[in-house]
Amino acid sequence: MDILDLVVSSDEELIRDVSVFEPLLADHMSISFELNYCVATSECTQVTRIFSKTGNLYAFLGNVNWDFLIELSQTSVVFWEELLLVCQYGIDTFIPIKKRSDFSKKSLFMLNQDTLTAIARKKVCYDSWKSSTTNREFWKGNLKYWTKKCNSLVSRDRSNHEQSVASNPDANAFHSYVRKVFNRPCCIPELRVGNVVFTEDIDKARCFNEFFCSVFTEDNNILPNFDVPAAAGISIETVDLSVFAVRNALSACSSSYSSGPDGVPSIVLKKCCDVLVEPLSSLFSMCFEEEILPQDWLCADVVPIYKGTGPISSPNNYRPVSLTVSSCKVMETCVKDQVLQYLLSNNLLSDHQQGFLPKRSTLKELLQCVNECITSVNKIDNTPRYARH
């Protein structure tokens, strides 16, 4: 039997409600089905803050009497709550809010000066045409000219940028540009698990939670053998959490706009480093002395990120990203840097450790493995071979 009427799909979850009907005007059967495809609408907006404008926030935090708050709080947990309230009030008061639609693209390329000048002249013509009562035809003609001119110049700049990206030997630049062009909407569409559809935000969160928990890998508590002997009298008793150490950690943190449960992104800590370094140093020292951490530092906001392939309505095509408290990450950086320096200076790390170390990577481990394999083969048949990389 020859089958002529088919519905071909790379994923069975992409289609649903398939029905077959009798032929209408031809000898082929009629097939009806629905696609599991979601398109974001312009109603879905994302509220963001313009953290590039932190001048007023910097001045506000610089006028806070942190010594008085430390003396008043007495404990690290209370002082963290006071510090968090001050930062959140400063952000809400002095950082402006900007609303953008899902479809409003970020700037994908730089505009030349002549393009920016043309855009400014176009705006002048538009404002003059809108406010004029006598010379509207004159300004309308100029507006048409500069609109056409702007479109031509923007197309030129886009073409030049794409050519430079295509000729760039760094593949990451190309993939980064492609991701910006085909960016996904910030809102999570309706999710489908079998025949169950989740449309409410709380139901989507529970769906993601169940899926992420099902694929989570628990630690087996098996540690490798530590065969590097430590010299007598070598130990690390404490961690330096001075203003100098915290300042280095703040300067090294990322300029990310994403925030954890505290609502304070790392870019605020970095740009307000000079006024926050002393209270953060005191907070970290209090946490070590009391041997306790604030409850917020033990939590994280898990954000689902679309992988880029497969149906966007399937939870299987998302990966979780945990957003923790930025202040906690700064303290972790202080501890990590000093512990790593202690291990490296005393040769307490195995030579086989390649990952998570400066100037080392898993690629070096693979090259060493290939080199050892080739060396072993050469010893057997005395034929020189070389690895290509």
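The structure we're discussing is the one just above.
Criteria and cut-off values
- Residues numbered from 1 in each chain as written.
- Predicted model: local features only at pLDDT ≥ 70, side-chain atom pairs only at ≥ 80, totals over all residues.
- Heavy atoms only, no water.
- Helix = DSSP H or I, 4+ residues; strand = E, 2+ residues; numbered from the N terminus.
- Buried < 20%, exposed > 50% of the residue type's maximum accessible area, 1.4 Å probe, protein only.
- Contact = heavy atoms within 4.5 Å.
- Areas by Shrake-Rupley, 256 points an atom, 1.4 Å probe, with all protein chains shown as cover.
- Salt bridge = Lys/Arg side-chain N within 4 Å of Asp/Glu carboxyl O.
- Phe/Tyr/Trp six-rings, centres within 6.5 Å; stacked < 30°, edge-to-face > 60°.
- Patch = residues over 30% accessible without salt bridge, like charges linked within 9 Å, V, L, I, M, F, W, Y side chains within 5 Å.
- Expected span 1.5 Å × (residues − 1).
- Core = buried A, V, L, I, M, F, W, Y, C linked by side-chain atoms within 4.5 Å.

Enquirer: I'd like a description of the overall build of the protein chain, backed by residues and values.
Expert: A count of helical and extended segments in the protein chain gives 12 helices and eight strands. Counting every position in the protein chain, which comprises 389 residues, the buried fraction comes to 24%. The long-range fraction of contacts in the protein chain, counting pairs at least 24 apart against all pairs at least 6 apart in sequence, stands at 62%. Total accessible area computed for the protein chain in this model is approximately 27,200 Å², and 55% of it derives from carbon and sulfur atoms.

Enquirer: Go over the pattern of salt bridges, please, and point to the residues and values.
Expert: Under the defined criterion, the tally for this structure stands at seven salt bridges. Of the charged contacts in the structure, one is a salt bridge between R156 and D114, with a shortest N-O distance of 3.1 Å. Note that R156 is positioned in helix α5 (residues 136-167) and D114 in helix α4 (residues 113-131), a separation of 42 residues in sequence. For D114, a relative accessible area of 36% puts it in the partly exposed group.

Enquirer: How would you sum up the side chain of S73? Please name residues and give values.
Expert: Its location among the elements puts S73 in helix α2 (residues 66-73). Once you skip the residues sitting within four places of it in the chain, S73 turns out to touch V78, F79 and E82.

Enquirer: If you had to explain the side chain of T54 to someone new, which residues and values would you point to?
Expert: Note that T54 resides in the loop between β3 (45-49) and α1 (55-62). Leave out the neighbours within four places in its chain, and T54 touches I95 and K271.

Enquirer: Please give an account of the packing of aromatic side chains that cites residues and values.
Expert: Tallied over the full model, the rule gives 12 aromatic pairs. Arranged with centres 5.1 Å apart and planes meeting at 75°, the rings of Y145 and W146 form a pair that is edge-to-face. By relative accessible area, which is 16% here, W146 ends up buried. Both rings, one in F208 and one in Y318, keep their centres 5.1 Å apart while their planes meet at 75°; by these two values the pair is edge-to-face. One end of the pair, F208, is in helix α7 (residues 201-214); the other, Y318, is in strand β8 (residues 318-323), with 110 residues separating them in the sequence. Taken individually, F208 and Y318 each receive the classification buried, so the pair is uniform in this respect. Here a set of aromatic residues connected by ring pairs shows up, and it is made of F208, F211, F212, Y306 and Y318.

Enquirer: Please set out a nonpolar patch on the surface residue by residue, giving values where relevant.
Expert: Taken together, V18, F33 and L35 make up a surface patch of nonpolar side chains, about 280 Å² in accessible area. Along the chain, L35 falls in strand β2 (residues 30-35). For L35, a relative accessible area of 56% puts it in the exposed group.

Enquirer: Describe in detail helix α10 (residues 273-290), supporting the description with residues and values.
Expert: The end-to-end C-alpha separation of α10 is 25 Å, in line with the 26 Å expected for 18 residues at 1.5 Å each. The complete set of buried residues in α10 reads C273, V275, L276, V277, P279, L280, S281, L283, F284, M286 and C287. The elements touched by buried residues of α10 are α1, α2, α3 (76-94), α8 (243-252), α9 (266-271) and α11 (326-345). One or two positions beyond α10, positive phi appears at E291, with a value near 55°.

Enquirer: Could you give an account of the nonpolar core, naming the residues involved and the relevant values?
Expert: Membership of the largest hydrophobic core comes to 39 residues, with the highest contact counts inside it found for W66, L276, F284 and W297. Where this core is concerned, the elements lending two or more residues are α1, α2, α3, α8, α9, α10 and α11. It is α10 that contributes the most residues to this core, nine residues altogether. In contact with W66, not counting residues within four places along its chain, are L61, F79, L83, V86, V275, L276 and P279. Formed by eight residues, the second largest nonpolar core is a distinct cluster that contains F208, F212, I312 and Y318.

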